[in-house]
Amino acid sequence: TITASTNVIAGAIEGVTLDLQQAEIGTLTRLQVSLDKASATQSVKQFVDGYNGLMGTMSQLTAYDAEGGTAGPLLGDATLRTVKSQLRRELSNVVTDTGASFRTLADIGITTQPDGQLELDDAKLTAAVDTNFDAVGRLFASTGNGIAVGMDSIIEGVLDTEGQIDTREGTLKKRLDRITDQRESLELRMESVRERLLRQFNAMDALVGQLNTTSSFLSQQLAQLPSFKKSS
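**Quick look at the layout of surface pockets**
Now for step 1: One number sums up the size of the largest pocket: a volume of about 510 Å³.
Now for step 2: Around the largest pocket, the lining is made up of 15 residues, and of these L20, Q21, Q22, A23 and T29 lie nearest the centre.
Now for step 3: Among the secondary structure elements, those contributing two or more residues to the lining of the largest pocket are β1 (8–13) and β2 (16–19).
Now for step 4: In this structure, the second largest pocket occupies an estimated 360 Å³ of space.

**Points about the packing of helix α1 (residues 37–61) against helix α3 (residues 122–131)**
Now for step 1: Relative orientation of the contacting elements α1 and α3 amounts to 135°, with a least axis distance of 10 Å. Of the possible angle classes, the one that applies to α1 and α3 is oblique. The two elements α1 and α3 cross, and the hand of that crossing is right-handed. Contacts from K37, T41, V44 and K45 of α1 reach α3 at D122, L125, V129 and D130.
Now for step 2: For the contact of α1 with α3, the class distribution of residues is three nonpolar, one polar and four charged.

**Considerations on α3**
Now for step 1: Of all the positions in α3, only L125, A128 and V129 are classed as buried. Summarising the axial view, the buried residues of α3 lie within an arc of 95°, below the 170-degree limit, and thus occupy one face. Exposed residues on α3 whose side chains face more than 90 degrees from its buried face are A123 and T131.
Now for step 2: Looking at the buried positions of α3, the neighbouring elements they touch are α1, β6 (118–120) and α4 (133–141).
Now for step 3: The N-cap residue of α3 is D121: its side-chain oxygen and the backbone nitrogen of A123 are 3.2 Å apart.

**Thoughts on the pattern of salt bridges**
Now for step 1: Using the criterion set out here, one finds three salt bridges in the structure.
Now for step 2: Taking the shortest distance from any N to any O, the salt bridge between K37 and D130 comes out at 3.6 Å. Highlighted residues: K37 in helix α1 and D130 in helix α3, separated in sequence by 93 residues.
Now for step 3: Its salt-bridge partner being R194, residue E191 comes within 3.0 Å of it at the nearest N-O pair. Residue E191 and its partner R194 are both found in helix α6 (residues 164–223); the two are separated by three residues, about one turn of the helix.

**Some remarks on the packing of aromatic side chains**
Now for step 1: Taken as a whole, this structure holds one aromatic pair when the rule is applied.
Now for step 2: Arranged with centres 5.3 Å apart and planes meeting at 75°, the rings of F47 and F140 form a pair that is edge-to-face. With F47 in helix α1 and F140 in helix α4, this residue pair connects regions lying 93 residues apart in the sequence.

**Considering the pairing of β1**
Now for step 1: Pairing of β1 with β2 involves four bridges; the strand directions are antiparallel. Its bridge partner being in β2, I9 is matched across the sheet by L18.
Now for step 2: Where β1 folds back on β2, the antiparallel hairpin that results is connected by two residues, among which G15 adopts a positive phi of roughly 80°.

**Describing the confidence of the model for the chain**
Now for step 1: Averaged over every residue, the pLDDT of the chain is 87; residues scoring 70 or more account for 97%.
Now for step 2: Mean pLDDT values for the elements of the chain range from 87 in strand β3 (residues 64–65) up to 95 in β6.

Calculation criteria
Per chain, the residues get numbers from 1 upward, laid out in the order the sequence is written. Selection of residues for local features in this predicted model requires a pLDDT of at least 70, selection of side-chain atom pairs for listing and counting requires 80 or more, and totals for whole chains, interfaces and linings are taken over all residues. Excluded from the side-chain calculations are hydrogens and water; all other atoms, namely the structure's heavy atoms, are used. As defined here, a cavity is a set of points on a 1 Å grid over the protein atoms alone where a 1.4 Å probe fits but cannot get out. A pocket is an open set with protein on both sides within 12 Å along at least five of seven lines, and residues line them when an atom is within 4 Å of a point. Grid points are joined across faces, edges and corners, and a volume is the space filled by probe spheres set on the points. Strands here are runs of E lasting at least two residues and helices are runs of H or I lasting at least four, both read from the DSSP assignment and numbered beginning at the N terminus. Only the stretch in contact is used when fitting a helix axis, every axis being a line fitted to C-alpha atoms; angles between N-to-C directions are given from 0 to 180 degrees. Oblique is the label for every angle not falling under 35 degrees (roughly parallel), over 145 degrees (roughly antiparallel), or within 65 to 115 degrees (roughly perpendicular). For a crossing to be left-handed, the near helix must be turned anticlockwise from the far one by less than a right angle; the clockwise case is right-handed. Note on contacts: a residue pair qualifies if any of its non-hydrogen atoms lie within 4.5 Å across the two residues. Under the scheme applied here, ten amino acids are nonpolar (Ala, Val, Leu, Ile, Met, Phe, Trp, Tyr, Cys and Pro), four are charged (Asp, Glu, Lys and Arg), and all others, including Gly, are polar. Accessible area is worked out with a 1.4 Å probe on protein chains only. A residue is then buried under 20% of its type maximum, exposed over 50%, and partly exposed in between. Arc definition: it is the arc formed by the directions from the helix axis to the C-beta atoms. In protein, a polar contact means a hydrogen-donor-capable atom and an acceptor-capable atom, both N or O and within 3.5 Å, with residues adjacent in sequence counting only if both atoms are side-chain atoms; elsewhere, any N or O pair within 3.5 Å suffices. Each salt bridge in this description consists of a side-chain nitrogen of Lys or Arg and a carboxyl oxygen of Asp or Glu lying within 4 Å of one another. In this scheme Phe, Tyr and Trp rings, the latter by its six-membered ring, pair at centre separations within 6.5 Å, and the angle between planes marks the pair as stacked below 30 degrees, edge-to-face above 60, and tilted otherwise. At least two bridges found by DSSP between two strands is the condition for calling them paired. Values of pLDDT, ranging from 0 to 100, describe the predictor's confidence in every residue of the model.

Next up, the structure:
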């Protein structure tokens, strides 16, 4: 006999949580607990699709169009390159405690293609799930070195507060602040230079005006001087 204060019962069956919906006094209900192989297989397919989507996005961000001369916004970015390398390395991890003959993703039909994308052999995955359902789970979720566990740890280090992206953003923001300060300082210097050149130009313009006036005066004075001719 099990008693609970709510309709949710955990611990009655190891690894199973019961969410009770209704009951009829005196009526027995039979509960069958079985392996949901279809959902497990679908989860693996979603893992492959999710990884391929991530790699595709990374490739777009670091792409370079030689014909158009345009580059992705993160071309050459060290952080992105490091994350991609870590994830790829984790994919090739060997999980030793699966308790089965398959210890790598390739053993259950997931292989890496030359372009970095994953390809899934449905038949091989189905066979692995049918052969040893628990071992497939351990391949991904083993506490020690499960592939999904390792990749989750990598992503957590990237996305968490003070993670790689957060740190990178902080560095870039500081750099932008310095560039903004330098730009403002340059604008002030340029304004100072403009004002100085303007003063010099005005002074020169005034001097030229004075010289022109003096030249005109001298020309008039010289024109009024008497002419001297030699006696014949």
